[in-house]
Amino acid sequence: MKLTNAIEIQQLSKQYKTKVALHPLTLSIPEGQLFGLLGVNGAGKTTLIKILTGLLKPSSGTAHILGHSLSKEDSAIHSIIAVSPQETAIAPNLTVRENLLLMARIHGFSKLQATAKVDEMIAQFSLEPFEKERGKTLSGGWQRKLSISMALILEPRILFLDEPTLGLDIISRQELWTMIQKLKGSTTIVLTTHYLEEAVELCDRICILKDGYMKAVGTVDELIDQSKQSTFKDAFVHFVTGGES
Ligand SMILES: Nc1ncnc2c1ncn2[C@@H]1O[C@H](COP(=O)(O)OP(=O)(O)OP(=O)(O)O)[C@@H](O)[C@H]1O
């Protein structure tokens, strides 16, 4: 594991009119780590991701993405991050290959570079059987895989995955886990999920948020220890129902 921090957050907060969505939060995520954001509805996960990806301005505090200051160096940050949002962002009438090519071309790849990169993505994520299918005819799981592949075309150093397996069946979810696991170590990943088994399966470290407060952060085993519970599910329930770290 590399020692530099991919993300450094200092006293970051967000208030929407009267609603405090994020209380001052300080957190570091080392490069190469797969970091999970967990919490029940309204905990502040999406707000934090939106701030870190430049979609939302924080009310106070600072964050650095691979040393670049958020809000002051947005263009540098945009060239090193990618976001795969909850809603799959694919063109329904284009084929899998065409969706990938479009993404590469939009971002300035030459025809040759784009073809080579798309071939690489199709092979890496086993998209071959579907490469000629239109986006709208793919199953939810394959749409999500395509969406993540499109986010990876630019070789981001940090990838934000907002509930990547929401609504998928267990087989599709496991296929996506395999895809995400292939990225572990080389790409820093920040992932939000409501599925505890997903967090246990994938995450190196997990932050549990509740009502905009960070209640705990650590590995699965550390969180179980901190909570004095015997399973991760019980530890999670402990932290989101009032337990302190
Ligand atoms: N644009 C907004 N205006 C006002 N309040 C908002 C806005 N967006 C979010 N909130 C509130 O901020 C809080 C945190 O919301 P956020 O979407 O970040 O939570 P979340 O953890 O992502 O929830 P979920 O798991 O339901 O997606 C919630 O109480 C939400 O109602």
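Fair warning: this is a prediction, and the values are worked out from it, not measured in the lab.

Thoughts on the overall build of the protein chain
Here is step 1 of the chain: Looking only at helices and strands, the protein chain has nine helices and 10 strands in total.
Here is step 2 of the chain: Relative to the compact-globule value of 18 Å for 245 residues, the protein chain shows a C-alpha radius of gyration of 18 Å, a close match.
Here is step 3 of the chain: Overall, the protein chain is about 55 × 40 × 35 Å in size when its C-alpha atoms are taken along their principal axes.
Here is step 4 of the chain: Relative to its full complement of 245 residues, the protein chain shows a buried share of 49%.
Here is step 5 of the chain: Put simply, of all contacts in the protein chain between residues at least 6 apart along the chain, 65% involve residues at least 24 apart.
Here is step 6 of the chain: Each charge sign in the protein chain was given a centre, from 26 positive and 26 negative side chains, and these centres are 6 Å apart.

Some remarks on the packing of aromatic side chains
Here is step 1 of the chain: Summed over the entire model, instances satisfying the criterion amount to one aromatic pair.
Here is step 2 of the chain: Ring geometry for Phe-130 and Trp-142: centres 4.2 Å apart, planes at 40°, overall tilted. Here the residue Phe-130 occupies a position in the loop between helix 4 (111–124) and helix 5 (140–152), and Trp-142 occupies one in helix 5, the gap between them amounting to 12 residues. Trp-142 shares its class with Phe-130; the two are buried.
Here is step 3 of the chain: Seen from the ring of Tyr-195, Arg-173 lies directly overhead, with NZ or CZ sitting 3.7 Å from the centre.

Focus: unusual backbone geometry
Here is step 1 of the chain: Non-glycine residue Glu-163 carries a positive phi angle of around 45°.
Here is step 2 of the chain: By the element assignment, Glu-163 lies in the loop between strand 7 (158–162) and helix 6 (170–183).
Here is step 3 of the chain: Among the residues examined, Glu-163 registers a relative accessible area of 9% and is labelled buried.

Brief notes about the layout of surface pockets
Take a probe with the size of a water molecule and roll it over the atoms, and the empty space left behind shows itself.
Here is step 1 of the chain: Of the volumes computed, that of the largest pocket is approximately 310 Å³.
Here is step 2 of the chain: The wall of the largest pocket is formed by 15 residues, among which Ile-81, Ala-82, Val-83, Met-103 and Ala-151 lie closest to the centre.
Here is step 3 of the chain: Elements represented by at least two residues in the lining of the largest pocket include exactly strand 6 (81–84) and helix 5.
Here is step 4 of the chain: At four residues, strand 6 tops the list of elements feeding residues into the lining of the largest pocket.
Here is step 5 of the chain: Across the lining of the largest pocket, the residue classes break down as 10 nonpolar, five polar and no charged.

Thresholds applied
Residues numbered from 1 in each chain as written. Predicted model: local features only at pLDDT ≥ 70, side-chain atom pairs only at ≥ 80, totals over all residues. Heavy atoms only, no water. Helix = DSSP H or I, 4+ residues; strand = E, 2+ residues; numbered from the N terminus. Rg over C-alpha atoms; globule rule 2.2 N^0.38 Å. Buried < 20%, exposed > 50% of the residue type's maximum accessible area, 1.4 Å probe, protein only. Contact = heavy atoms within 4.5 Å. Lys, Arg positive; Asp, Glu negative; His and termini not counted. Charge placed at Lys NZ, Arg CZ, Asp CG, Glu CD. Phe/Tyr/Trp six-rings, centres within 6.5 Å; stacked < 30°, edge-to-face > 60°. Lys NZ or Arg CZ within 6 Å of the ring centre and 35° of its normal. 1 Å grid on protein atoms, 1.4 Å probe; cavity = no way out; pocket = protein on both sides within 12 Å on 5 of 7 lines; lining within 4 Å. Points joined across faces, edges and corners; volume = space filled by probe spheres on them. Nonpolar A, V, L, I, M, F, W, Y, C, P; charged D, E, K, R; others polar.

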